[in-house]
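Here's the letter readout for the chains.
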Amino acid sequence: MGNGVKHLLDFQGWTVEAIEGILETADVMKEVLERPVKKVPALQGITVCTAFFENSTRTRTSFELAARRMSADVLTFAAGASSLSKGESLRDTIETLNAYKVDAFIVRHHASGAAHQVARFSGKSTINAGDGRRAHPTQALLDAYTMLKEFGKLEGLKVTIIGDILHSRVARSNAELLSLMGAQVTLCGPATLLPRELARDNVKVTTDIQEAVTGADVVMALRLQQERMNGGFLPSMSEYALTYQVNESLLERAKDHAIVLHPGPMNRDLEISGSLADSARSRIIAQVEYGQAVRMSVLYHLLVGKK
Amino acid sequence: MLEIKNVKRVGSDQLESLFIAEGKIKGWNLSEAATETIDGKGATVAPALIELHAHLREPGQEQKEDLASGLAAAAAGGYGTVVSMPNTSPVVDEPGIVATLIQKAEKLGFARLKPAAALTRGQKGETLADLAALKEAGASMFTDDGRTNENANVLRRGMEYASGLGLLVSVHAEDATLRQDGVMNEGVVSHELGLPGNPAAAEAARVARDVEIALLTGARLHIQHLSTARALEIVRQGKKAGAPVTCEVCPHHLTLTDESLRGFDAMYKVAPPLRTQQDAEALLEGLLDGTVDCLATDHAPHTQAEKEKDLLEAPFGIPSIEVAFPLMYTRFVKTGKISLEKVLDLFTVGCAKVMNWETPSLEAGSVADVVLLDLDQARAVDPKTFKSKAKFSPWAGEELYGWPTLTLVAGKVAFQN
Ligand SMILES: [Zn+2]
C-alpha cells in the first residue's frame, strides 16, 4: 500500500483517497475478525508502543488487540503505573521508550498537541489515540466507517454532533474528517461549550438543537463530563438533560432512517436517553466492533512496508 | 581616554570618532590622543539599549538563567541596563535580596542591573512589601509581574505609596478569572487546536481597570507587555484623558502570531499569548503614533526540558534579549515600516522616560553606555551561540541585520564581537 503518510495525528494534509483507502481496508480486516483464527502476519517483527499518558482502557485495549491480531509486538506504557514521566519532559519519556526499538507510537495524552510532539521527538510513525481536546482520528474513522456501512456513502450525509463541543476531540476529528469526505456536519450544544470559530464550509455551528437534528441522517451524542458543572459551563446536569439530551422525541425531527452514535462511555439518561441507546436506531455497539477493524486498517496503512 | 573610530552616527554615512573617558562621553572627533582605540569598522553607534523587563531567574532558578548568563546575554543584545523581574524563588520582596543582586551584578561587568522589587509580599497581591526599604536598597520599580494584581484596592494603595517614593508600579495586566487556564490566544486557532484559550478581553478588561486607578490616584502606572489591539486602544484613550500611564510592547508580539502554535511547539507558549495578525499590526501602529512608550523583551528563559513538556505543562516564556534589536531592525526598519531613529528611541529614550531616568545620549557629559550596531551584514540567529542559558529561539535560522558588535557600559566593554 503506502500512501506516503507516516502519521495519523489529525486529518490535516490527508486526502480523500488516503482515507478511502483506510475505510476500504477496514472491510478486509472486518472479514479477518470473522474468521475462526483472527490473526494475520502483516506486522510481524514490528513493535508498537501504546504510550498512554491518560487512562483509557477501552481505546488501549482496542489498539493493542488490533496490533496483536496483526502479529505486532506490543510494548505497553501507562504513565500512571510507571516511574517514567513524573516530572520528566514528554521528550525524555518518549526517547526512553524509543530506546526499546519501537517502530510506532500510539499516543493518548491529556494535552492537545502531545501526539504531534511525540511524532517530532520520536521520528517514528505516530498514531494519535486522543490528545486533549484536539483530535481522536481513529474514533472519527470508525464513526465514518459505521456511517458508510449504514448508508453506503459519506458524501451528502447530514451528521449532527450534540454536546460539549468545546472540550471534545471526537467532535473536532469528526468535523474535520466528515467535512473532508463531503458530509454536512452540524455541531450543537449550549453556547458555553460551543466554539463558533469551528464553523466553515461544510460545518455549521448552532445552539438550536431542534434545528440541528431536523433532517439529520446521523445524530451523535457526546459524553458530558461532570467537571463542566464545577467549571461553570453549565447551571446543572438536569438542565442540560432537559435541553440537550438526545432522545426519542428529538429523533422524530431526524430522517426516518437516522441512526444514533455515541463515542462512549455513556452517561445514560444524561446526554442520551437509555432507551434510545438500546433502540434499533443505535449503532453504539457496532462502533466498538468496527473500531478494531478500522484500527487494524490504520496500522496496516501506516506500517506495512515501512519497516 | 578611549577612542572608538570609524563609526557612523544614525542617519549619517560619515566615519567619525567617539571619545570616552572616566565612564562618560568626552566628545566627537577630538584631537586629543587616545590611550586605547577600538575600530568600529563602519558600525552605527547609538546609546546602549535599556531593558525594562527581563527575567534573570536569580535567585533560585539558576538552571534557567543567572545574573552572569542573563546580563552577558543582555550585553550581547546591545543592552547597557536591565530591569530584572522579581518573580524569582524566593521573590525579590526583601531589601537584602535587592542589595545582593546589585552587588553581584556590579562585579560581573556585563549589563548594569536595576532590579525591580515585588509590589506585594511574596507577590501574593495581598499586603504591600516594604517599598521604602526596597527603594533604599536599590529597587528601581515595583511589580508583581509573573502574577496579576487581582485586588484593585491593593494595587491602588501600592501605586499611591510608590508614587510618594518617586517610583512607578508596573503591572501584568490580565484578568486571571477571564484568562483561566488559557495557554494561547482564544480564537479560531485555539478552537481548532483544542487548546484552552486566553481571550483578548482578559487583557483589555484589566487594562481598563488599571487605567481608571491611575486616573483616580494620579500615580504612575506602567503596563507591561501589551498584546492586544483593544487594550492598546484603551491606553490610547486613557492617555488622552490624562491618565499617567505608560506601556511597553515586546518584539515577539509584533513578529509572531497565534498561528505559530499550529505545530504544537511549546516554545511559542508565552504570557500574554501571541495574538492575531490584526493585533500585531495594531501594536505596530501604536509604536508609530506614540501610544507605546517603549520596547521591552520580557526575556523569559527556561530549560530546554521544560519547553519540551506538553503544551499544558510547559512554562510560559520566550527568550529574546539577544535578538530583540536585530529582529526589530530587520523586520520593521529594513522593510521601511518604521525609522531607525524611532526604533532606537523605543529601545533607549522611551525606556528612560518611563523610568524617569537621565536621557540616553551620545553627547559630551553623558554616561558612556554605548552600542555599535552592524546594520550591513546579515547573520542567522543561532541559539547555540547565545550567552543566555536558554539555547532556543522562535527565530532560529532567520537571517537578521543589526547585530551588536560592541556594548560599553559606563565606558567599559561589556560585550565585544
Ligand atoms: Zn508578565
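The preceding data block contains the structure.
Observations concerning the overall build of chain B
At step 1: Check the secondary structure of chain B and you find 14 helices and 20 strands.
At step 2: Here the C-alpha radius of gyration of chain B, 20 Å, is about what a compact globule of 417 residues would show, namely 22 Å.
At step 3: When its C-alpha atoms are laid out on the principal axes, chain B stretches across 65 × 45 × 45 Å.
At step 4: Burial status across chain B gives 63% buried among its 417 residues.
At step 5: When contacts within chain B are restricted to residue pairs at least 6 apart in sequence, those whose partners lie at least 24 apart make up 74%.
At step 6: Accessible area of chain B: about 14,900 Å², with a carbon and sulfur share of 48%.
At step 7: With 42 positive and 56 negative side-chain charges, chain B shows a separation of 2 Å between the mean positions of the two kinds.

Some remarks on the coordination of the zinc ion
Residues and elements named next belong to chain B.
At step 1: Bound to the zinc ion are the protein donor atoms Asp145 (OD), His172 (ND1) and His225 (NE2), situated 1.9 to 2.3 Å from the metal.
At step 2: Between consecutive donor residues of the zinc ion, the sequence gaps follow D-x26-H-x52-H. Here His172 is found in the loop between β10 (169-171) and α5 (176-179), whereas its partner His225 is found in the loop between β13 (221-223) and α8 (229-240), with 53 residues between them in sequence.
At step 3: Classification of His172 by relative accessible area gives buried; the value is 5%.
At step 4: Exposure remark for His225: the relative accessible area of 1% places this residue in the buried category.

A few points about the sheet that holds strand β6 (residues 49-54) of chain B
Two orientations exist for strands paired in a sheet by backbone hydrogen bonds: parallel and antiparallel.
All names here are of chain B.
At step 1: The strand order β6-β7-β8 describes an open sheet built from three strands, whose pairing is parallel. Whereas interior strands pair on both sides, the edge strands pair on one side only; in this sheet they are β6 and β8 (112-113).
At step 2: Sheet topology note: the β6/strand β7 (residues 79-84) ladder contains four bridges and is parallel. Residue Ile50 lies in a different strand from β7, and its bridge partner there is Thr81.

A closer look at the packing of aromatic side chains
Residues and elements named next belong to chain B.
At step 1: For the structure shown, the criterion picks out seven aromatic pairs over all chains.
At step 2: Centroid distance Tyr79 to Phe347: 6.3 Å. Interplanar angle 75°. Geometry classified as edge-to-face. Placement of the pair is Tyr79 in strand β7 and Phe347 in helix α13 (residues 340-347), with a sequence separation of 268 residues. Each member of the pair, Tyr79 as well as Phe347, is classed as buried.
At step 3: Centroid distance Phe325 to Tyr329: 5.9 Å. Interplanar angle 20°. Geometry classified as stacked. Separated by four residues within a single helix, Phe325 and Tyr329 lie in helix α12 (residues 324-333), roughly one turn from each other. The pair formed by Phe325 and Tyr329 is uniform in burial state, with each residue classed as buried.
At step 4: Members of the aromatic cluster, joined through ring pairs, are Tyr79, Phe325, Tyr329 and Phe347.

So, the interface of chain A and chain B
At step 1: At the interface, 21 residues of chain A touch 18 residues of chain B.
At step 2: Taken over both partners, the interface formed by chain A and chain B buries close to 1,700 Å², and the fraction arising from carbon and sulfur atoms is 52%.
At step 3: Arg91 of chain A is paired through a salt bridge with Glu308 of chain B; the nearest N and O atoms lie 2.6 Å apart.
At step 4: For the pair chain A and chain B, the interface holds 10 residue pairs in polar contact (both at pLDDT 80 or more).

The rules behind each value
Residues numbered from 1 in each chain as written. Chains lettered and ligands numbered in written order. Predicted model: local features only at pLDDT ≥ 70, side-chain atom pairs only at ≥ 80, totals over all residues. Heavy atoms only, no water. Helix = DSSP H or I, 4+ residues; strand = E, 2+ residues; numbered from the N terminus. Rg over C-alpha atoms; globule rule 2.2 N^0.38 Å. Buried < 20%, exposed > 50% of the residue type's maximum accessible area, 1.4 Å probe, protein only. Contact = heavy atoms within 4.5 Å. Areas by Shrake-Rupley, 256 points an atom, 1.4 Å probe, with all protein chains shown as cover. Lys, Arg positive; Asp, Glu negative; His and termini not counted. Charge placed at Lys NZ, Arg CZ, Asp CG, Glu CD. Donors = N, O, S within 2.8 Å, 3.2 Å for Na, K, Ca; no water. Pairing = 2+ DSSP bridges. Phe/Tyr/Trp six-rings, centres within 6.5 Å; stacked < 30°, edge-to-face > 60°. Buried area = accessible area lost by both parts, 1.4 Å probe. Salt bridge = Lys/Arg side-chain N within 4 Å of Asp/Glu carboxyl O. Polar contact = N/O pair within 3.5 Å; in protein donor to acceptor, adjacent residues only side chain to side chain.

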